Amino acid sequence: MEPEWQEITNWPLVDTQGLTSERRRGFQKNLRIAAGVLEGRTMRMVAEDLGVSPSKVSILMNRCLGGADDHPPALTRGLIPYRQIKIPIRNSSLATLTQPVGGRCAFGHLLATVPNLEAHLTEQIRLAVRRSRRGQNLSPKALHAQFISHLESQGWPRDAYPFTSVSRGYESVRRFLRRTKTDFLMPRESKRVIGARKAPVCAFQEIQIDEALVDCKGAAAVVLHNRMKPIRLGRISVLLARDVGTGCYLASTIAPTVHPCAADILALLEQLIQPWEPLNLTTPGLTYVATAGFPSALGEACCRPAFGIIRLDNALSHLSHQVRRMVCEHLGATCNFGLPKTPTARALVEQAFRRLNIDIHRFPSTTGSHPADTLREPSKLQKEPPFISLRALEESISVLLTEHNHRPLGNQGGVTPMEQIAYQMANHLTPLRSGFLGPGLKPFERMRSATVRKGSTAGRPRINFEGCQYEGAALNSAALVGQKVNIVLDIRDIRYLDVTTIEGTPLGTVKAPGPWLRFAHSVSLRKRINQMVRRGFLSRRDPLGGYFNYTMAHRHLPKEALTMVTLSGQIDEVNKEPAAPYGARESVVREAPEVNAALKRLSDWSPHMARARKK
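Engineer: Can you explain the confidence of the model for the protein? Please cite residues and give values.
Structural biologist: When the pLDDT values of the protein are averaged, the result is 82; 87% of them are 70 or greater. Segment residues 573-592 is flagged for pLDDT under 50; beyond a separation of four residues in sequence, or across chains, it makes 30 contacts in the model. Per-residue pLDDT stays below 50 along residues 602-615; that stretch engages in 12 contacts with residues further than four places along the chain or on separate chains.

See the structure below:
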């Protein structure tokens, strides 16, 4: 089976300097025996020449070249006298009171015979070495007590080893403790091999995304009793996406919370493929440069790049299925979450936050690095709202990020990141994504199943979703009552739901009850409001209005004040019903041109008309 072992020169070399003179003499004699047999001479002839018995020659060759098929032969190691080749095992039964025999390999026989004995002793040693809270300062005496206790719990015979010896296997337990502890203390190699990684030079080949807490608190002005009053807000989070090859900022968004959720990450990813629109700057002294912006403002091609790897950390918001689905399916990229507690893998985006803090920390409302920091806001200033407003803070961050994209960088050869991306898009073979993604849910859409319900005597068919009963013309069919349907919702606005059958046939749109249509609200906000309703903090008649009043009453708390500002922005942006966000309004085609002309002169209905009529 192994022709190369026919030559004694191919056998491994053994350094005989470490052997005693007697063993060295025996090794040389065994080596001559093996060489004679490998030359083709018979075992009897070799035995006569060297003065040994033929059985000794046969035993020696089986020791060197024999063994199991799945293990290599001992070869030269088998020629060393008294060298143990096979793992010793006990073949005879253990000693008893009536049949005393030797104790060779008795402890190993116990480890292989008694259920969970070896696992129990090994776990005790592991807890002691790892300094676990459940471990103990293990000594040979304590481990031996665990050994005897486990044997008794398993019903081991009292007339068998180790109960037949005086020491009860103490020395074997001590050696087992020492050997196992030494093995646990040995350095372990990482199971995950991390090779060298070359930094990309092409645009959109690697994107780094992260979020950071802005240590600057802002203020906002609210109108209360026809008087404007500033309030202190909580801290916000900034989410950034930066290209590694060019060092350019690709997108940024502000999350009015300390802990961004998956929806905030999806909003940032959506900005990568949407044209950038500048803010309407209202803060004195802040202006964009002439060509300021993100790469998505350069043209349609810059909104359709094929991203390579998107690197994120192991935050729970990054690990959500919605984020993975958008990165892999909608953006056609690869998610890389890296190793835990290794921020250096995303050093470029971490550097961006450090540079951003240089300008943000210039305001007195900064928290400082620690409670004793001299730059921390004095206690006398914490009683009043900060000087900078939330709007000014957002505009400052936008101006700082866009200004960096038009600053020449030394590692780019004195070229700005925007010029580098524009050059590569115009002259390099940069792959683009398909403009048609095919059928499927959008990034912010979710699909659920629900049952169409209806009262026994009266009432319209409805769907129960997140504590509300949705109704609409799409459900006005007797065949749907008691049947399962699919609903498609946008997690940012759940006032309207698209309804389809289980087979996928669209039925139409249903809407929430009247009090829930005042302004757009997300699924998480609906759950929080329902929880407050159940606790008795809010009324069921107008939960959205009651929630806004609740935040207004607790505006002295920075977190609630920030929530109130967020709700105020949604109310201002959504002052009327959205124009068929999911097909809520059906378009009617009329052939008469005079009818169409008359309809164009009529304004669409909005809640403003009802409010004006009440006044």
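Engineer: Kindly report on the side chain of threonine 16, identifying the contributing residues and their values.
Structural biologist: Topologically, threonine 16 is positioned in the segment before helix 1 (21-38). Ignoring anything within four residues of it in the chain, the contact list for threonine 16 reads Arg24, Phe27 and Gln28.

Engineer: A description of the packing of aromatic side chains should follow, citing residues and the corresponding values.
Structural biologist: One pass over the full model with this rule turns up six aromatic pairs. With centroids separated by 5.6 Å and ring planes inclined at 50 degrees, the aromatic side chains of phenylalanine 107 and phenylalanine 147 adopt a geometry described as tilted. A residue pair is termed long-range when its members are at least 10 positions apart, and phenylalanine 107 in helix 4 (residues 106-113) and phenylalanine 147 in helix 6 (residues 140-153) qualify at 40 residues. Here phenylalanine 107 and phenylalanine 147 have matching classes, each one buried. Ring pairing ties together the aromatic residues Phe107, Phe147 and Phe176, which thus form one cluster. Directly above the aromatic system of phenylalanine 163 lies the positively charged group of arginine 158, at a separation of 4.5 Å from the ring centroid. The side chain of arginine 492 reaches across the aromatic face of phenylalanine 444, ending 3.9 Å from its centre.

Engineer: How would you sum up the environment of glycine 414? Please name residues and give values.
Structural biologist: By the element assignment, glycine 414 lies in the loop between helix 11 (390-404) and helix 12 (417-427). Not counting residues within four places of it along the chain, the set of residues in contact with glycine 414 comprises Pro408 and Leu409.

Engineer: Please give an account of empty space enclosed by the protein that cites residues and values.
Structural biologist: If you roll a probe as big as a water molecule over the atoms, it shows you where there is empty space left. Across all of its chains, the model carries one cavity of 30 Å³ or more by this definition. Taken as a whole, the largest cavity holds about 50 Å³ of empty space. Every residue lining the largest cavity is listed: Phe204, Leu250, Leu272, Pro295, Ser296, Cys302 and Phe307. Among the residues forming the lining of the largest cavity, the class breakdown is six nonpolar, one polar and no charged.

Engineer: Outline helix 8 (residues 262-271), listing residues and values.
Structural biologist: Along helix 8, the positions that sit buried rather than exposed are Ala262, Asp264, Ile265, Leu266, Leu268 and Leu269. Packed against the buried residues of helix 8 are strand 1 (206-213), strand 4 (237-243), strand 5 (249-255), helix 9 (321-330) and strand 8 (445-453).

Engineer: Go over the sheet that holds strand 4, please, and point to the residues and values.
Structural biologist: Strand order in the open sheet made by the five strands is 5-4-1-6-7, with mixed pairing throughout. Pairing within the sheet leaves two strands with one partner each, and these edge strands are strand 5 and strand 7 (334-336). Here the strands of the sheet are splayed against their neighbours by 20 degrees on average, with no regard to which way each runs. Strand direction decides the pairing type here: strand 4 and strand 5, joined by six bridges, are antiparallel. The partner of serine 237 across the bridge, within strand 5, is alanine 255. Against the sheet, helix 8 contacts strand 1, strand 4 and strand 5, and its axis sits at roughly 150 degrees relative to strand 5. Strands in contact with helix 11 are strand 4 and strand 5; relative to strand 5, the strand with the most contacts, it is inclined by about 170 degrees.

Scoring rules and cut-offs
Residues numbered from 1 in each chain as written. Predicted model: local features only at pLDDT ≥ 70, side-chain atom pairs only at ≥ 80, totals over all residues. Heavy atoms only, no water. pLDDT = per-residue confidence, 0-100. Contact = heavy atoms within 4.5 Å. Helix = DSSP H or I, 4+ residues; strand = E, 2+ residues; numbered from the N terminus. Phe/Tyr/Trp six-rings, centres within 6.5 Å; stacked < 30°, edge-to-face > 60°. Buried < 20%, exposed > 50% of the residue type's maximum accessible area, 1.4 Å probe, protein only. Lys NZ or Arg CZ within 6 Å of the ring centre and 35° of its normal. 1 Å grid on protein atoms, 1.4 Å probe; cavity = no way out; pocket = protein on both sides within 12 Å on 5 of 7 lines; lining within 4 Å. Points joined across faces, edges and corners; volume = space filled by probe spheres on them. Nonpolar A, V, L, I, M, F, W, Y, C, P; charged D, E, K, R; others polar. Pairing = 2+ DSSP bridges. Axes fitted to C-alpha atoms, helices over the stretch in contact; angles between N-to-C directions.

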